[in-house]
Amino acid sequence: MDFDWQKLTAELDEHGCALTPPLLTPEQCTEISGLYDEVHRFRSTIDMARYRFGSGQYRYFDHPLPEVITELREAFYPHLLPIARDWAARLGRPAPWPDTLDEWLDACHQAGQVKPTPILLKYQAGDWNALHRDLYGDLVFPLQVVIGLDRPGVDHVGGEFLLVEQRPRAQSRGTVTSLPQGHGLIFTTRDRPVKSARGWSASPVRHGVSAVRSGLRHTLGLVFHDAA
């Protein structure tokens, strides 16, 4: 990933999220979104309305993961790792993440978090996703990535990605991002360090999706810890 990681890191520090250059071609996006109907590839399907998560549906991939998803996670991890360690240092927290994704996932599995977490989401008109965090267990990687698979304004209207951050001793701050097809948004999983009068404070963050007004919206979610 020959990106300007210095710029992406600065955006993450400032906003809690950062939009990447293209990761996937339109053909790859279509191929991945087409996997949604191949039910045998997934370990579970979640109806968001049933659990009061919003409206719409998503599916967790099962092993073996599609090759492109494995490659994306392995490519991202070494670039996100220094950011994760730096954030932990600012907050005076331990940084349990080893040098490779395989080692980290092994640690998750030893802790009982053995279920794969890459996720394919499908939204139709009227669907939305409530603000939440993708934690899944005690072991958490502090950054994750969502990739747009459809064309905003063409394939769907609405469905913007929402990030809401509770600033220390202040009102919450919201960030709205429209995901271009094939681009990824790196964002905060749980909380992140922000400068305060007392040094660094942990700023809690949740994410969601605004209502889709028309069309069909697919996204691919890359989480870097497995689930219990």
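**So, empty space enclosed by the protein**
A probe matching the size of a water molecule, rolled over the atoms, marks out where space remains unfilled.
Okay, step 1: All chains considered together, the criterion is met by one cavity of 30 Å³ or more.
Okay, step 2: Empty space within the largest cavity amounts to approximately 30 Å³.
Okay, step 3: Of all the secondary structure elements, the ones that give two or more residues to the lining of the largest cavity are β9 (161–166) and β10 (172–177).
Okay, step 4: For the lining of the largest cavity, a count of residues per class yields two nonpolar, three polar and three charged.

**Here's the deal with the state of the cysteines**
Okay, step 1: Going through the model one piece at a time under the given rule, you end up with zero disulfides.
Okay, step 2: Cys17 takes part in no disulfide bond, and the closest cysteine sulfur to it belongs to Cys29, at a distance of 19 Å.
Okay, step 3: Relative accessible area serves as the criterion here: at 7%, Cys17 is assigned to the buried category.

**With respect to the packing of aromatic side chains**
Okay, step 1: Under the counting rule described, the total for this entry stands at eleven aromatic pairs.
Okay, step 2: Between Tyr36 and Phe42, the aromatic rings sit 6.2 Å apart at their centres with planes inclined by 50°, giving tilted as the arrangement. Here the two residues Tyr36 and Phe42 agree in accessibility, since each one is buried.
Okay, step 3: On the basis of an interplanar angle of 35° and a centroid distance of 4.6 Å, the ring pair of Phe42 and Phe61 is categorised as tilted. Placement of the pair is Phe42 in strand β2 (residues 42–47) and Phe61 in strand β4 (residues 57–61), with a sequence separation of 19 residues.

**Looking at the packing of helix α3 (residues 67–91) against helix α4 (residues 101–110)**
Okay, step 1: With their axes 9 Å apart at the nearest point, α3 and α4 run at an angle of 100° to one another. One way to sum up the angle between α3 and α4 is to call them roughly perpendicular. Residue-level contacts link Arg73, Glu74 and Tyr77 of α3 to Leu101, Asp102, Trp104 and Leu105 of α4.
Okay, step 2: The residue makeup of the contact of α3 with α4, split by class, is four nonpolar, no polar and three charged.

**Let's talk about the nonpolar core**
Okay, step 1: Ranked by size, the top nonpolar core spans 39 residues in total, and within it Phe76, Leu80, Phe141, Ile147, Leu220, Leu222 and Phe224 carry the most contacts.
Okay, step 2: Listed by contribution, the elements that provide at least two residues to this core are α1 (5–15), α2 (26–34), α3, α4, β7 (143–148) and β14 (212–222).
Okay, step 3: Ranked by residue count, the leading element in this core is α3, at ten residues.
Okay, step 4: Look past the residues within four positions of Leu222 in its chain and what remains in contact with it is Ile69, Leu72, Arg73, Phe76, Gln144, Val145 and Ile147.
Okay, step 5: Residues Met48, Tyr58, Ile119 and Tyr123 belong to the second largest nonpolar core, which totals nine residues.

**A closer look at the packing of α1 against α3**
Describing two packed helices takes the angle between their axes plus the distance from one axis to the other.
Okay, step 1: As a packed pair, α1 and α3 sit with axes 12 Å apart at the nearest point and diverge in direction by 40°. If you check the angle between α1 and α3, you find them oblique. Handedness of the α1/α3 crossing: right-handed. Here α1 contributes Trp5, Thr9, Leu12 and Asp13 to the contact with α3, which in turn contributes Phe76, His79, Leu80, Ile83, Trp87 and Arg90.
Okay, step 2: Here the contact of α1 with α3 is built from residues that sort into six nonpolar, two polar and two charged.

**Comments concerning the pattern of salt bridges**
Okay, step 1: The final tally for this structure, using the stated rule, is ten salt bridges.
Okay, step 2: Between Glu38 and Arg41 there is a salt bridge whose closest N-O contact spans 2.6 Å.
Okay, step 3: When its relative accessible area of 29% is taken as the criterion, Glu38 is described as partly exposed.
Okay, step 4: Assessed through its relative accessible area of 29%, Arg41 is described here as partly exposed.

Rules of the game
- Residues numbered from 1 in each chain as written.
- Predicted model: local features only at pLDDT ≥ 70, side-chain atom pairs only at ≥ 80, totals over all residues.
- Heavy atoms only, no water.
- 1 Å grid on protein atoms, 1.4 Å probe; cavity = no way out; pocket = protein on both sides within 12 Å on 5 of 7 lines; lining within 4 Å.
- Points joined across faces, edges and corners; volume = space filled by probe spheres on them.
- Helix = DSSP H or I, 4+ residues; strand = E, 2+ residues; numbered from the N terminus.
- Nonpolar A, V, L, I, M, F, W, Y, C, P; charged D, E, K, R; others polar.
- Disulfide = S-S within 2.5 Å.
- Buried < 20%, exposed > 50% of the residue type's maximum accessible area, 1.4 Å probe, protein only.
- Phe/Tyr/Trp six-rings, centres within 6.5 Å; stacked < 30°, edge-to-face > 60°.
- Axes fitted to C-alpha atoms, helices over the stretch in contact; angles between N-to-C directions.
- Parallel < 35°, antiparallel > 145°, perpendicular 65-115°, else oblique.
- Contact = heavy atoms within 4.5 Å.
- Core = buried A, V, L, I, M, F, W, Y, C linked by side-chain atoms within 4.5 Å.
- Left-handed = near helix turned anticlockwise from the far one by under 90°.
- Salt bridge = Lys/Arg side-chain N within 4 Å of Asp/Glu carboxyl O.

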